[in-house]
Each structure stands twice: as C-alpha cells, then as structure tokens.
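Coordinate inspection notes
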Amino acid sequence: MKEPEGFRGFVESRYAALVRFGTLLCGDPGRGEDAVQDALLKTLRAWDRLDVHGEGETGAEAYTRTVMTHAAWRSARRRWWGERPTAELPEHAGADEYAAADTADAVRRALAALPAQQRVVLVLRYWGGLSEAEIAEQLSCSLGTVKSRASRAIAALRAGGLLDETFEGGAR
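None of the values given here were measured: they were computed from a predicted structure.

Together, Asp28, Glu33, Asp34 and Asp38 give the surface a local cluster of negative charge. Inspection of the secondary structure assignment puts Asp34 in helix H2 (residues 29-46).

Another aspect to go through is the pattern of salt bridges. The full count for this structure, using the stated rule, is 3 salt bridges. For Glu3, the salt bridge is made with Arg8, and the minimal N-O distance between the two is 3.0 Å. The residue Arg65 makes a salt bridge to Glu61 at a minimum N-O spacing of 3.0 Å. Linking Arg65 with Glu61, this pair stays in helix H3 (residues 59-75), spanning 4 residues, or about one helical turn. The buried category is assigned to Glu61, whose relative accessible area is 7%. Connected via shared salt-bridge partners are Arg14, Glu61 and Arg65.

Definitions and cut-offs
- Residues numbered from 1 in each chain as written.
- Predicted model: local features only at pLDDT ≥ 70, side-chain atom pairs only at ≥ 80, totals over all residues.
- Heavy atoms only, no water.
- Patch = residues over 30% accessible without salt bridge, like charges linked within 9 Å, V, L, I, M, F, W, Y side chains within 5 Å.
- Areas by Shrake-Rupley, 256 points an atom, 1.4 Å probe, with all protein chains shown as cover.
- Salt bridge = Lys/Arg side-chain N within 4 Å of Asp/Glu carboxyl O.
- Lys, Arg positive; Asp, Glu negative; His and termini not counted.
- Charge placed at Lys NZ, Arg CZ, Asp CG, Glu CD.
- Helix = DSSP H or I, 4+ residues; strand = E, 2+ residues; numbered from the N terminus.
- Buried < 20%, exposed > 50% of the residue type's maximum accessible area, 1.4 Å probe, protein only.

Written out as structure tokens, the structure is:
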C-alpha cells in the first residue's frame, strides 16, 4: 500500500500525544502503544475519507482517538490477555527512584487499578474534557452507564486511597 500524502507528518507530529492518550486508556504504557499502532493502521486505511486539513483536532486525530477509545472499551469484555502481569518487576536495575512521586505516574497507576470501562470513562471525562452526554454518544451507551461508571471509578479510587487531595479538585 502506498503511503498517502500527509500521513507520515500526522504520525510524527501526534504520535507522542496519542501514546499518552493510549496509556491512560489502557492503564499500561505497552498496551497503550499497541493501541496507537492498531489505531494508526486503521487510520491509514481510512485516510482518504478523513478531513485531514480541518481546523483544531483534525479528522485523522479524532478518528484515531475514537478507534483507540472503542478498543479500550471493548477490551473490558476480554477474559484473558495471554499475560499475567505482576505488581512489581523482578529486577530493579535502571528503575527511576522518583517515579512513584511523579504526579503523572501516580495518575497512571491510579487509572490502571480500575476496570477498563471505568478507566475509559474517567479518561474521556477528565483528560479528554468531554461531557457525560458526549461520552455516552461516543461509546454508544446510555448516559446512566457513563454516570455509574464514573461514580464507581471515583469511589474505588477514594476507597483504595488512590485519590488524595492532589486530585480531589478535578474529580467531583
């Protein structure tokens, strides 16, 4: 398949932001990057149908984020991933001693502790800035489902001590 004009520039300029979005959606940097790769493949296939010259978030980026969001939402239905993740890696060589104190790392860890559908709703609501109605529309579910997932996620974060005063201001 011949690479369409503008696709390489889109990937080079938006890849890092898409990986951050994928990491938040999936709760894991590796799975987040995999989600970006899968979504970019679908974006490449749909490139000719997308508004790649629009203002603001381009049609290509919106399409890619939507593909990633739907994949993360569907992943909650999967019973087995073929992996058995552990809480701690067996080796600590080269580990960042200050990563646990980093706010971004704390947010990623807190989100990773949630079920996939709750995580997707929180990422779209608080990181993506979407309203509950917009989330319901994007995920093709009811407004009540969005509200209950968000409420349960915030309650779980509070109960687990993962939501402290640092984050309480944005999660009301």
